Amino acid sequence: MFDFLMGYVMGERTAARAATMARAAAGASAGAVAGEFHDVNERVDRLILVVDAMWSLLKESGWTDEQLKARILEIDSEDGVVDGRLTPQRHRCTKCDSMVEPGRSTCTYCGADLAAPQSGPTDGI
Ligand SMILES: [Zn+2]
């Protein structure tokens, strides 16, 4: 089961990130690129650890591989495309109700701070 999860997690995202980094390498030093890859590898290793820990806890509680696969597909399809990844979606500003592009921590229109406090096992990954 863990192989299935890692294949799902590592597939297209890793390839896309590698392609992006390769394009960036044209204008960066080899040392900077190697550092970026090292950082990505460390983040993936931490993510794998967290996923493995969470799944082991869930299995101890009776959850099955089939249930996990079904939930992964359910969550994957929430952005409208089953493609093995979550595509960040635009969201509404809590102050002025304007649509805000994914990844922005402030509203483009009114400047409201939209950063959500984070707390959980994936903090810092
Ligand atoms: Zn706003």
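Analysis parameters
Residues numbered from 1 in each chain as written. Predicted model: local features only at pLDDT ≥ 70, side-chain atom pairs only at ≥ 80, totals over all residues. Heavy atoms only, no water. Helix = DSSP H or I, 4+ residues; strand = E, 2+ residues; numbered from the N terminus. Buried < 20%, exposed > 50% of the residue type's maximum accessible area, 1.4 Å probe, protein only. Polar contact = N/O pair within 3.5 Å; in protein donor to acceptor, adjacent residues only side chain to side chain. Donors = N, O, S within 2.8 Å, 3.2 Å for Na, K, Ca; no water. Tetrahedral: all angles 85-135°; square planar, octahedral: opposite > 155°, others 65-115°.

Novice: I would appreciate a short explanation of the side chain of Asp83 in the present structure.
Specialist: Along the polypeptide, Asp83 turns up in the loop between α3 (65–76) and β1 (91–92). For Asp83, a relative accessible area of 17% corresponds to the buried category. A distance of 3.2 Å separates a polar side-chain atom of Asp83 from the backbone nitrogen of Arg85.

Novice: I tried to follow the coordination of the zinc ion on my own but got confused; where do I start?
Specialist: Ideal coordination angles are 109.5 degrees for a metal with four donors arranged tetrahedrally and 90 or 180 degrees for a metal with six donors arranged octahedrally. The zinc ion binds to the protein through Cys93 (SG), Cys96 (SG), Cys107 (SG) and Cys110 (SG); the donor distances cover 2.3 Å. Relative to the metal, the four donor atoms surrounding the zinc ion lie at angles of 107 to 115°, and the coordination shape comes out tetrahedral. Motif for the zinc ion, donor spacing along one chain: C-x2-C-x10-C-x2-C. A residue pair is termed long-range when its members are at least 10 positions apart, and Cys93 in the loop between β1 and β2 (99–100) and Cys107 in the segment after β2 qualify at 14 residues. Residue Cys107 is classed as buried on the basis of its relative accessible area of 3%.

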